[in-house]
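Reading the structure
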Amino acid sequence: MNLETVVLLYLVASVCFIQALKGLSHPSTSRTGNAFGMVGMAIAMVTTVGLVLKIHPDTGAGGLAWVLLGLVVGGAVGTVLARMIPMTQMPEMVAFMHSMIGMAAVFIAIAAVAEPAAFGIVAADEPIPTGNRVELFIGSFVGAITFSGSVIAWGKLRGRYKFRLFRGAPVVFKGQHPLNAVLAIAMIGCGIGFVMSQHWAPFLVMLAIAFTLGVLIIIPIGGADMPVVVSMLNSYSGWAAAGIGFSLNNPMLIIAGSLVGSSGAILSYIMCRAMNRSFFNVILGGFGGEVAAGAAAGAAQRSVKSGSPDDAAFLLGNAESVIIVPGYGLAVARAQHPLKELSDKLIKKGVQVRYAIHPVAGRMPGHMNVLLAEAEVPYDQVFEMEDINSDFSDTDVVLVLGANDVVNPAAKDPKSPIAGMPILEAYKARQIIVNKRSMASGYAGLDNELFYMDKTMMVFGDAKKVVEEIVKAVE
């Protein structure tokens, strides 16, 4: 395989990746986008194997066997995980993948520093050029931060471990930000030392500090900010791959890493806008932990109007227009299929049914869109927040399933911790039905005034069971 062929195939793979991003920008074209992504990755892998064999023809069958073994093992593990992981755990899966990308960047950097000639960076016994050392430094420390930060994000999203760092509430301590600043300066200093000397000691110390920083950066971020953290770590993993790509002079790695890094950064910006918060405000510590206890205590002293699934069915069946607001509770209960059945029954009765999606609903950007697509909800029934907010005031009934912070009117209060956060204005509807397991607060740890409004009826219970009972009661 000559160099011209390699460049051409990498270019084709890059075009496939660009088309994949374009396709994934809308649910109706997401399958096509996935197909482009898989084809592009297959071309990139085959081309890389061919390039390795061309650069190192002496590796023979043994070297090729190791490469193929890695592909088979990695592909098998990925296939098994993809088939086993339920949709509710997809955010954790994404965080896990980010951690693997970060660690891969670290391992490649270590290998390149140990054997630069094997990667074609220099000839044997020659020092690594200064520019390549800078690239290895940047790629490795970003990869290390991505790995440890993603592990913490995975634990917070998983929410099943008693280890304090894996709890959803922010973990803060006195002098946290100054400590992070000192460690960041030390990490950069060690990186500069490596660039100037190419010695192992500053390189390894830099990596150790980077791993520590990844933990310290993520632990003060509360669960309410997890969608931003997921997209931010996605961006980090892309930039880590791009940095290593420059060191290895691999255009495919540079292009793919840049696409992931830039798209993740743009998505993080969109998520921050959806919460009316700056990116640095999220990174410097999330809201949630300090107000949760007070919110829970306040909720215990206030009364709400509760009803049964039959009551909800009566309101929905006699409405002319219904807007459904899905949240993470819907994902946990896997209630999207019964919800689709309920929508179909209401539509047959002449009710206009639409779904309202908040940009940060769930624990991952696009989480609710994926769930509804899995249940084959027509795309023309699904609306983003900015497209449907003006319709709530003319809607007969809003059905809120497991959503909390994204419909909290407290965002309209200038003194609230979520003041200014754009919300789905469900409180403007004529009637509101809210399904929750309990009166527990959402990720932001705030009590929700929507639950106590006179026109709100709470229906407590598992979302799937409640929706199934409503379906049975709808004539």
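Residues numbered from 1 in each chain as written. Predicted model: local features only at pLDDT ≥ 70, side-chain atom pairs only at ≥ 80, totals over all residues. Heavy atoms only, no water.

A look at the overall build of the protein chain
Secondary structure summary: the protein chain contains 17 helices and six strands in total. Counting every position in the protein chain, which comprises 475 residues, the buried fraction comes to 48%. Considering only intrachain contacts with a sequence separation of at least 6, the fraction spanning at least 24 residues in the protein chain is 76%. With the model as given, the accessible surface of the protein chain reaches about 22,000 Å², and the carbon-plus-sulfur share is 65%. (Helix = DSSP H or I, 4+ residues; strand = E, 2+ residues; numbered from the N terminus. Buried < 20%, exposed > 50% of the residue type's maximum accessible area, 1.4 Å probe, protein only. Contact = heavy atoms within 4.5 Å. Areas by Shrake-Rupley, 256 points an atom, 1.4 Å probe, with all protein chains shown as cover.)

Thoughts on the confidence of the model for the protein chain
The predicted structure's coordinates, where accompanied by low pLDDT, should not be read in detail. The predicted model of the protein chain averages 84 in pLDDT, with 88% of residues at 70 or higher. Helix α11 (residues 292-300) is the least confidently modelled element of the protein chain, averaging 47 in pLDDT, while strand β1 (residues 321-326) averages 96, the highest of any element. With pLDDT under 50 throughout, residues 286-297 is counted as low confidence; its partners more than four residues away or in other chains account for 28 contacts. (pLDDT = per-residue confidence, 0-100.)

What to know about the sheet that holds strand β6 (residues 456-460)
Pairing is parallel across the open sheet formed by six strands, whose spatial order is β3-β2-β1-β4-β5-β6. The open sheet terminates on both sides in strands that have one partner only, identified here as β3 (382-384) and β6. In this sheet, adjacent strand axes meet at a mean angle of 25° when their direction is disregarded. Sheet topology places strand β4 (residues 397-401) next to strand β5 (residues 431-436); five bridges connect them, and they run parallel. Across the sheet, residue Leu 399 finds its bridge partner in β5, namely Ile 433. (Pairing = 2+ DSSP bridges. Axes fitted to C-alpha atoms, helices over the stretch in contact; angles between N-to-C directions.)

Brief notes about the packing of helix α4 (residues 90-114) against helix α7 (residues 200-218)
Packed helix pairs are characterised by how far apart their axes lie and by the angle those axes make with each other. Here α4 crosses α7 at 175°, and the two axes come no closer than 12 Å. Between α4 and α7, the angle falls in the class roughly antiparallel. Note on element contacts: α7 touches α4 through Trp 200, Phe 203, Leu 207 and Phe 211, opposite Met 103, Val 106, Ala 109, Ile 110, Val 113 and Ala 114. In the contact of α4 with α7, the residues fall into 10 nonpolar, no polar and no charged. (Parallel < 35°, antiparallel > 145°, perpendicular 65-115°, else oblique. Nonpolar A, V, L, I, M, F, W, Y, C, P; charged D, E, K, R; others polar.)

A few points about the environment of Leu 267
Here Leu 267 lies in helix α9 (residues 251-274). Along the backbone, Leu 267 and Val 228 are 39 residues apart, and their C-alpha atoms lie at a distance of 8.1 Å. Residue contacts for Leu 267: discarding those within four places in its chain leaves Ser 231 and Pro 365.

Considerations on unusual backbone geometry
One non-glycine residue, Gln 198, lies in positive phi territory at about 60°. Mapped onto the elements of the fold, Gln 198 is located in the loop between α6 (176-197) and α7.

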